[in-house]
Amino acid sequence: SVGLGFGSCLQLFRAWVQSVYGQKFVYAKTIPKNGDAAVWSGDIASTWQDMAGQIPAGLNYSMSGLPYWTFDIGGFAVPNKFINAKGEALNEWRELLTRWYEFGAFCPLYRSHGQYPYREIFNVAPAGSPEYNAMVNVTKLRYRLMPYIYSLAGKVYFDDYTIMRALVMDFESDKNVTNISNEYMFGPSLLVAPVTTYKERTKSVYLPESCGWFDFYSQKYFNGGQSITVDAPLNEIPLFIKEGSIIPVGSEIQYAEESKDKDLKLYIFTGKDATFTLYEDENNNNDYQHGKYSMINFNYNEKDGKLTIGKKNGEFAGMLKTRTFEIVSINKNKPSGLNLSAKPERVVKYNGSQETITLK
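Residues numbered from 1 in each chain as written. Predicted model: local features only at pLDDT ≥ 70, side-chain atom pairs only at ≥ 80, totals over all residues. Heavy atoms only, no water.

1. As for the overall build of the chain
No. 1: When helices and strands are tallied, the chain shows seven helices and 19 strands.
No. 2: Contacts spanning at least 24 positions in sequence make up 70% of the contacts within the chain whose residues lie at least 6 apart.
No. 3: Put simply, the chain shows about 16,600 Å² of open surface, and 48% of that area lies on carbon and sulfur atoms. (Helix = DSSP H or I, 4+ residues; strand = E, 2+ residues; numbered from the N terminus. Contact = heavy atoms within 4.5 Å. Areas by Shrake-Rupley, 256 points an atom, 1.4 Å probe, with all protein chains shown as cover.)

If you want it as structure tokens, here you go:
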């Protein structure tokens, strides 16, 4: 299915199911409860073509109901030109790994693995180089987004969700997304368009209709239902944030359990109603299966401009009793990306009781 668009694949498969079994097929929207399996795409090659093929491969996994999948960042089997590479081959190897790390940071599981040459960031490129800085920065961004990503993992378990999502899954009424297999949604809010061509510094991206989109990096807002060409410098993977989104962001950490954030920034991308559920547990065991977790619902109402932080539901050992939410509100009249250094408009001291804040 790598060579076919999603719409074509679905039509062919539905026709086959109808002819063989005499009944209609509906693509999977659920997964088995308590499913702990993770899959990866095998010993792929360290080539641009193989990296590009991972996008539809991952989306097909997700549409089949398998939420946790991954690949070898950098590929596994290395072409001869990249072994002990020098000159232009070394430049290409470093750029390939950089773009693959950027892509990998927006997949359900983030892991690097492969044969020689070694895949650690410091082995790919020297400290301070553009490639090194790009790989470090996107890894830091992944961990700043851990409250968002971990909450999506909770949604996988409790709501049969999938984290990496073909556009057709979330924008079924937009016929233009039917055969798009080179971009996807990472959770409900982030649209990701990996760069998969050597020396490519611009990228054509389709923004689905029914909502507007904020460029992750710039002060730009775009209407949905159009294709645009965006800059894609080496240190940026094209990312867009859906209008009507709530994204929690934590502090800079080195590993998932390094700290439990007392302070979280809540980025509210207004223009439409928005919801998000912050999920937390003990991080390192299966006690969530026995009710040891907490959830906080966030609801933004566009009409009255109010954000409601719901009552905390549930508890677990080590749970924070009080915390601070720093609210950053963004709208299309004063657009912004996800500016990690943005000053909050409101600061809420939260003790687990419901709070309502007016943002407009």
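Back to the text.
2. Describing the environment of L190
No. 1: On the secondary structure map, L190 appears in strand β5 (residues 190-192).
No. 2: It is 8.6 Å that separates the C-alpha atoms of L190 and F216, two residues lying 26 residues apart in sequence.
No. 3: What L190 contacts, discounting residues up to four positions off in sequence, is F106, L145, Y148, Y184, M185, F216, F240, I241 and I247.

3. Points about the nonpolar core
No. 1: Membership of the largest hydrophobic core comes to 89 residues, with the highest contact counts inside it found for F106, Y184 and F325.
No. 2: Apart from residues lying up to four places away in sequence, F325 is in contact with L264, L266, L278, I296, F298, I309, R346, V347, V348 and Y350. (Core = buried A, V, L, I, M, F, W, Y, C linked by side-chain atoms within 4.5 Å. Buried < 20%, exposed > 50% of the residue type's maximum accessible area, 1.4 Å probe, protein only.)

4. With respect to the pattern of salt bridges
No. 1: A complete count under the given rule lists nine salt bridges for this structure.
No. 2: Note that E95 and R201 form a salt bridge whose closest N and O atoms lie 3.0 Å from each other. Within this pair, whereas E95 is found in helix α3 (residues 87-104), its partner R201 is found in the loop between β5 and β6 (202-207), the two being separated by 106 residues in sequence.
No. 3: R165 serves as the salt-bridge partner of D170, at 2.9 Å between the closest nitrogen and oxygen. (Salt bridge = Lys/Arg side-chain N within 4 Å of Asp/Glu carboxyl O.)

5. Examining the packing of aromatic side chains
No. 1: Throughout the structure, instances matching the rule amount to 24 aromatic pairs.
No. 2: With 5.7 Å between their ring centres and 20° between their planes, Y61 and W69 make a pair best called stacked.
No. 3: Exposure remark for Y61: the relative accessible area of 24% places this residue in the partly exposed category.
No. 4: Ring pairing ties together the aromatic residues Y61, W69, F71, W100, F103 and Y184, which thus form one cluster.
No. 5: Directly above the aromatic system of Y161 lies the positively charged group of K155, at a separation of 5.0 Å from the ring centroid. (Phe/Tyr/Trp six-rings, centres within 6.5 Å; stacked < 30°, edge-to-face > 60°. Lys NZ or Arg CZ within 6 Å of the ring centre and 35° of its normal.)

6. Examining the pairing of strand β11 (residues 245-249)
No. 1: Of all five residues making up β11, five are buried, and the element is well covered by its neighbours.
No. 2: Where burial is concerned, the two faces of β11 agree: the one with S245, I247 and V249 and the one with I246 and P248 are both buried.
No. 3: Bridge count for β11 against strand β12 (residues 263-269) is five bridges, and the pairing is antiparallel. Of the residues in β12, the one forming a bridge with S245 is F269. (Pairing = 2+ DSSP bridges.)

7. So, the confidence of the model for the chain
Note that predicted coordinates carrying low pLDDT should not be read in detail.
No. 1: Residues of the chain with pLDDT of at least 70 account for 89%, and the chain-wide mean is 91.
No. 2: Here residues 1-6 is modelled with pLDDT under 50, and outside its nearest four sequence neighbours on either side it reaches 16 contacts, counting other chains as well.
No. 3: Every residue in residues 25-32 scores below 50 in pLDDT, and together they form 23 contacts with partners more than four places removed in sequence or on other chains. (pLDDT = per-residue confidence, 0-100.)

8. Some points on the sheet that holds strand β4 (residues 184-186)
No. 1: Ordered by their spatial adjacency, six strands build an open sheet running β3-β4-β5-β10-β7-β8, and the pairing between neighbours is antiparallel. Pairing within the sheet leaves two strands with one partner each, and these edge strands are β3 (164-165) and β8 (221-222).

9. Here we look at the sheet that holds strand β17 (residues 323-330)
No. 1: In space, the four strands of this open sheet follow the order β11-β12-β17-β18, with mixed pairing throughout. Where the open sheet ends on each side, the last strands, each with one partner, are β11 and β18 (346-350). Each neighbouring strand pair of the sheet contributes to a mean axis angle of 25°, computed without reference to strand direction.
No. 2: As defined by bridge partners, β12 adjoins β17 across seven bridges and the pair is classed as parallel. Among the inter-strand pairings, Y267 is bridged to a residue of β17, identified as V328. (Axes fitted to C-alpha atoms, helices over the stretch in contact; angles between N-to-C directions.)

10. Observations regarding helix α6 (residues 146-159)
No. 1: For α6, built from 14 residues, the straight-helix expectation of 20 Å at 1.5 Å per residue is met to within 8% by its first-to-last C-alpha distance of 19 Å.
No. 2: After α6 finishes, the residue D160 shows a positive phi value of roughly 60°. (Expected span 1.5 Å × (residues − 1).)

11. Considering helix α2 (residues 48-63)
No. 1: In this model, α2 (16 residues) spans 24 Å end to end at C-alpha, consistent with the 22 Å of a helix rising 1.5 Å per residue.
No. 2: A maximum bend of about 25° is found in α2 at Q54, where proline P56 lies one to four positions downstream.
No. 3: The element α2 is largely enclosed, with a buried count of 12 among its 16 residues.
No. 4: Turning to α2, its buried residues are W48, M51, G53, Q54, I55, P56, A57, G58, L59, N60, S62 and M63.
No. 5: Remark: G65 follows α2 within two positions and exhibits a positive phi of approximately 95°. (Bend = angle between axes of the 7 residues up to and from the residue.)

12. Some words on a nonpolar patch on the surface
No. 1: A surface patch of nonpolar side chains, amounting to about 310 Å² of accessible area, comprises I83, Y116 and Y118.
No. 2: Within the fold, Y118 resides in the loop between α3 and α4 (121-124). (Patch = residues over 30% accessible without salt bridge, like charges linked within 9 Å, V, L, I, M, F, W, Y side chains within 5 Å.)

13. Notes on unusual backbone geometry
No. 1: A cis amide bond links Y116 to the next residue, P117, at an omega of 0°.
No. 2: Assignment of secondary structure puts P117 in the loop between α3 and α4.
No. 3: The phi dihedral of K199 falls on the positive side, at around 65°, and the residue is not glycine.
No. 4: The backbone of N283 shows a phi angle near 80°, a positive value even though the residue is not glycine.
No. 5: Residue class for N283 comes out partly exposed when judged on its relative accessible area of 30%.

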